[in-house]
Amino acid sequence: MTRPPETQTLPIEASTERPTLRTVAQATGFSVATVSRALSDDPRIALKTRKTVAEAAERLGYVPDRAARRLRTGRTQVVSLLLNTEHEFLGFTHEFLSGITEVLRGTGYSVTVVPDDIGEDRLDLVRNIMRNNLADGILFTRTECFDPRARLLMESGFPFVSHGRTDFTTPHAWVDFDNEAFARQAVERLVAKGRRRLSLILPEDRFSFTQHLRYGFLSAARAAGIEHEIVAGVTLDSPTPEIAEALRENRRGPTPHDGYICVGEVTALVTMAALADTGATPGIDADVVAKRASPIFDNIRPRIETVFEDLRATGRAMAEMLLRRMAGEPPEDLHILFKPGQPDWNGGA
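Keep in mind it's a predicted model, so treat the numbers as computed, not measured.

A.B. asks: For this particular structure, what's the right way to read the packing of helix H10 (residues 240-251) against helix H11 (residues 265-277)?
C.D. replies: Between two packed helices, the angle of one axis relative to the other and the distance separating the axes together describe the packing. For the pair H10 and H11, interaxial distance at closest approach is 9 Å and the crossing angle is 45 degrees. As judged from the angle between their axes, H10 and H11 are oblique. As for how H10 packs across H11, the hand of that crossing is right-handed. Together, Thr-240, Ile-243, Ala-244, Leu-247, Arg-248 and Arg-251 of H10 and Val-266, Val-270, Thr-271, Ala-274, Leu-275 and Asp-277 of H11 make up the contact between the two elements. For the contact of H10 with H11, a count of residues per class yields 7 nonpolar, 2 polar and 3 charged.

A.B. asks: How do you make sense of the nonpolar core when you look at a structure like this?
C.D. replies: The nonpolar side chains of a soluble globular protein tend to be buried with one another. Counting residues in each nonpolar core, the largest one holds 44 residues, and the members touching the most others are Phe-217 and Ile-261. When contributions to this core are tallied by element, the ones reaching two or more residues are helix H8 (179-192), strand S6 (197-200), helix H9 (208-224), H10, strand S8 (259-262), H11 and strand S9 (287-292). In terms of residue count, H9 provides more of this core than any other element does, 6 residues in total. If near-sequence neighbours (up to four positions away) are discounted, Phe-217 is found in contact with Ala-183, Val-187, Leu-198, Ser-199, Leu-200, His-228, Glu-229, Ile-230 and Ile-261. With 23 residues, the next largest nonpolar core counts Leu-83, Phe-96, Leu-104 and Val-175 among its residues.

A.B. asks: Can you walk me through empty space enclosed by the protein in this structure?
C.D. replies: Gaps left between atoms show up when a probe the size of a water molecule is rolled over them. Evaluation of the coordinates by the stated rule reveals 2 cavities of 30 Å³ or more. When its volume is computed, the largest cavity comes out at roughly 180 Å³. Glu-88, His-163, Asp-176, Asn-179 and Phe-209 are the residues nearest the centre of the largest cavity, which is lined by 19 residues in total. When residues of the lining of the largest cavity are traced back to their parent elements, those giving at least two are strand S5 (174-177) and H9. Per element, the largest residue contribution to the lining of the largest cavity is 3 residues, and it comes from H9. Estimates place the volume of the second largest cavity at around 30 Å³. Ser-199, Leu-200, Ile-201, Leu-247, Tyr-260, Ile-261, Cys-262, Thr-267 and Thr-271 together form the lining of the second largest cavity. The dominant element in the lining of the second largest cavity, judged by the number of residues it contributes, is S8, at 3 residues.

A.B. asks: Would you mind going over the pairing of strand S7 (residues 227-230) with me for this structure?
C.D. replies: On any regular strand, side chains alternate: one points to one face of the sheet, the next to the other face. Sheet topology note: the S6/S7 ladder contains 4 bridges and is parallel. In the sheet register, Leu-200 faces S7, and the bridge partner there is Ile-230. A crossover links S6 with its parallel partner S7, the connecting element being H9, and its sense is right-handed.

A.B. asks: Help me understand unusual backbone geometry, please; the structure alone is not making it clear to me.
C.D. replies: Most peptide bonds take the trans configuration, and most residues that are not glycine carry a negative phi. Cis peptide bonds are those with omega within 30 degrees of zero, and the linkage from Arg-301 to Pro-302 qualifies with -5 degrees. With respect to the helices and strands, Pro-302 occurs in the loop between S9 and strand S10 (305-308). In the Ramachandran plot, Asn-133 falls in the positive-phi region, its phi being about 50 degrees despite a non-glycine side chain. In this structure, Asn-133 sits in the loop between helix H6 (123-131) and strand S3 (137-140). Residue classification places Asn-133 among the partly exposed positions, given a relative accessible area of 29%. Phi at Arg-142 takes a positive value of approximately 50 degrees, unusual for a residue other than glycine. Checked against the element boundaries, Arg-142 lands in the loop between S3 and helix H7 (148-156). Judged by relative accessible area, Arg-142 falls into the buried class, the value being 5%.

A.B. asks: In this structure, what is going on with the packing of aromatic side chains? I would like to understand it.
C.D. replies: Aromatic ring pairs are described here by two measures, namely the spacing of the ring centres and the angle between the planes. Tallied over the entire structure, the rule returns 4 aromatic pairs. Relative to Phe-160, the ring of Phe-140 has its centre 5.7 Å away and its plane inclined at 10 degrees; by these criteria the two rings are stacked. Of this pair, Phe-140 sits in strand S3 while Phe-160 is found in strand S4 (residues 160-163), placing the two residues 20 residues apart along the sequence. When its relative accessible area of 0% is taken as the criterion, Phe-140 is described as buried. For Phe-160, a relative accessible area of 4% translates into the label buried.

Rules used in this analysis
Residues numbered from 1 in each chain as written. Predicted model: local features only at pLDDT ≥ 70, side-chain atom pairs only at ≥ 80, totals over all residues. Heavy atoms only, no water. Axes fitted to C-alpha atoms, helices over the stretch in contact; angles between N-to-C directions. Helix = DSSP H or I, 4+ residues; strand = E, 2+ residues; numbered from the N terminus. Parallel < 35°, antiparallel > 145°, perpendicular 65-115°, else oblique. Left-handed = near helix turned anticlockwise from the far one by under 90°. Contact = heavy atoms within 4.5 Å. Nonpolar A, V, L, I, M, F, W, Y, C, P; charged D, E, K, R; others polar. Core = buried A, V, L, I, M, F, W, Y, C linked by side-chain atoms within 4.5 Å. Buried < 20%, exposed > 50% of the residue type's maximum accessible area, 1.4 Å probe, protein only. 1 Å grid on protein atoms, 1.4 Å probe; cavity = no way out; pocket = protein on both sides within 12 Å on 5 of 7 lines; lining within 4 Å. Points joined across faces, edges and corners; volume = space filled by probe spheres on them. Pairing = 2+ DSSP bridges. Right-handed = clockwise from strand over helix to strand, strands pointing away. Phe/Tyr/Trp six-rings, centres within 6.5 Å; stacked < 30°, edge-to-face > 60°.

Take a look at the structure:
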């Protein structure tokens, strides 16, 4: 009787089959559950174990099968962020995304960024995500007073968190910055410095934070009995040459503004350029108070006075809140209103 040839067990690395979690588990000696959590960067798994599993997965060419996971659980393990990339803050995307990813790390969720053009039909993006099951939850920015995206998501029971409040009576999850308090604070500071003719450029009227900024600015300016103007013909989203020209035009008139409140870093830089273009000296002919989210003004001279908005904390709060919504927590108590940070009133010194 002829002895059958001995079978040769090939090393795992040489297998032509697509590697799975079980493949990585066999290669490392850990359980499939431990491997799964380690690859999700779960902090409950020891760092040494996570590193060993990650190195094995890379060596084996393991790629997570999201389609299989979706079929098994009905979940995509994806969060969609609808992000308007044209923003009044220079570091908005970096800081905002950093906060979100810090929270999602170790949860198994990843975030996909979907550009949100405020000039287009903003519902199309939401419908596409829901129709094609592209995400388990949605984060969005530049919230409108009666935001159609919020309305659709609430009616559908789809988890979401908005950056900004709405005027709907139905509760939903939101994270916002107290822009009314910022505007009041800025007016009061400029008045304390002796400024009597204040200027503010607002976002478009449809956005929620426009209404908060307007109310804070107008009520504080009227209480102080000073001249004040919301610059007409331009918004925060206008091209910067148009904003600059509107500011220069006022300075050419008989009563130029002597105090400027800037909602973001971009507008503040344009305002400083307009002052320089018209021969005005910041701190002497006019003062600027700006909302900032980065240290950019620490490196610009002359320095201006600023109020800090922590966008990384905002991203963290929104991601944490969305995880709670996706876990089934009701939205009634899911909201945070961040107050303005400690103002830097020595910026102009």
